Amino acid sequence: VQLQASGGGLVQAGGSLRLSCAVSGGTFSRYAVGWFRQAPGKEREIVAAINRGGGRTYAADSVKGRFSISRDNDKKTAYLQMNSLKPEDAAVYYCATKSTILSVGPITTEEYDYWGQGTQVTVSS
């Protein structure tokens, strides 16, 4: 299973970006997906997560109301829509997947099986 994260870049504070996580190999519709981020000198943290069916999502308090996670199982891609970006949102963003059963909700810990390479998000003030 390979994950390709993209969509990062430089944006002004208050702006928006949409990150994509394209998954190849395996059966995407069986995977829960999570987005994490890591800023320099800080630990990696969960940003948002979505269950395999797409009906249940999680967003960290720091991004709630500004970021939203979604997925398109036909395109085998997950998305992270980021609005009202702040300088403190700057980090390398990673997507991750884990095969789960239907009843499992969004996974908010780092117990994912596969990780993408990360995409840099820079927010200027």
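See the structure above.
Let us look at the structure shown here. (Residues numbered from 1 in each chain as written. Predicted model: local features only at pLDDT ≥ 70, side-chain atom pairs only at ≥ 80, totals over all residues. Heavy atoms only, no water.)

## A closer look at the overall build of the chain
- Across its full length, the chain holds 0 helices and 11 strands.
- Each helix and strand of the chain, placed in order from N terminus to C terminus, yields the pattern β-β-β-β-β-β-β-β-β-β-β.
- Over its C-alpha atoms the chain spans a radius of gyration of 13 Å, differing by no more than 12% from the 14 Å that the globule rule assigns to 125 residues.
- With the principal axes as the frame, the chain shows a C-alpha extent of 40 × 25 × 25 Å.
- In the chain, which comprises 125 residues, the share counted as buried stands at 44%.
- Within the chain, contacts between residues separated by at least 24 positions form 60% of all contacts whose residues are at least 6 apart in sequence. (Helix = DSSP H or I, 4+ residues; strand = E, 2+ residues; numbered from the N terminus. Rg over C-alpha atoms; globule rule 2.2 N^0.38 Å. Buried < 20%, exposed > 50% of the residue type's maximum accessible area, 1.4 Å probe, protein only. Contact = heavy atoms within 4.5 Å.)

## Let's talk about the sheet that holds strand β1 (residues 2-6)
- Across the sheet, which stays open at both edges, the 4 strands sit in the order β1-β3-β8-β7 with antiparallel pairing between neighbours. Because the sheet does not close on itself, it has two edges, and the strands there are β1 and β7 (67-72). Each neighbouring strand pair of the sheet contributes to a mean axis angle of 15°, computed without reference to strand direction.
- In terms of strand pairing, strand β3 (residues 17-24) meets strand β8 (residues 77-82) through 6 bridges, oriented antiparallel. (Pairing = 2+ DSSP bridges. Axes fitted to C-alpha atoms, helices over the stretch in contact; angles between N-to-C directions.)

## Considering the packing of aromatic side chains
- According to the stated counting rule, one finds 3 aromatic pairs in the structure shown.
- Ring geometry for Phe-36 against Tyr-112: centres 5.6 Å apart, planes inclined by 85°, an arrangement best described as edge-to-face. One end of the pair, Phe-36, is in strand β4 (residues 31-38); the other, Tyr-112, is in the loop between β9 (91-99) and β10 (114-115), with 76 residues separating them in the sequence.
- With a relative accessible area of 1%, Phe-36 lands in the buried category.
- Aromatic side chains Phe-36 and Trp-115 sit 4.8 Å apart centroid to centroid with 50° between the ring planes, which places their arrangement in the tilted category. (Phe/Tyr/Trp six-rings, centres within 6.5 Å; stacked < 30°, edge-to-face > 60°.)

## Description of the state of the cysteines
- Counted by the stated rule, this structure contains 1 disulfide.
- Two residues, Cys-21 and Cys-95, share a disulfide whose sulfurs are 2.1 Å apart. Because the torsion about its S-S bond is 70°, the bridge between Cys-21 and Cys-95 counts as right-handed. One end of the pair, Cys-21, is in strand β3; the other, Cys-95, is in strand β9, with 74 residues separating them in the sequence. (Disulfide = S-S within 2.5 Å.)

## A few points about the pattern of salt bridges
- Overall, the coordinates contain 6 salt bridges when judged by the stated rule.
- Between Arg-37 and Glu-45 there is a salt bridge, with its nearest N and O atoms 2.7 Å apart.
- Given the relative accessible area of 6%, Arg-37 is considered buried.
- Of the charged contacts in the structure, one is a salt bridge between Asp-89 and Arg-37, with a shortest N-O distance of 2.9 Å. (Salt bridge = Lys/Arg side-chain N within 4 Å of Asp/Glu carboxyl O.)

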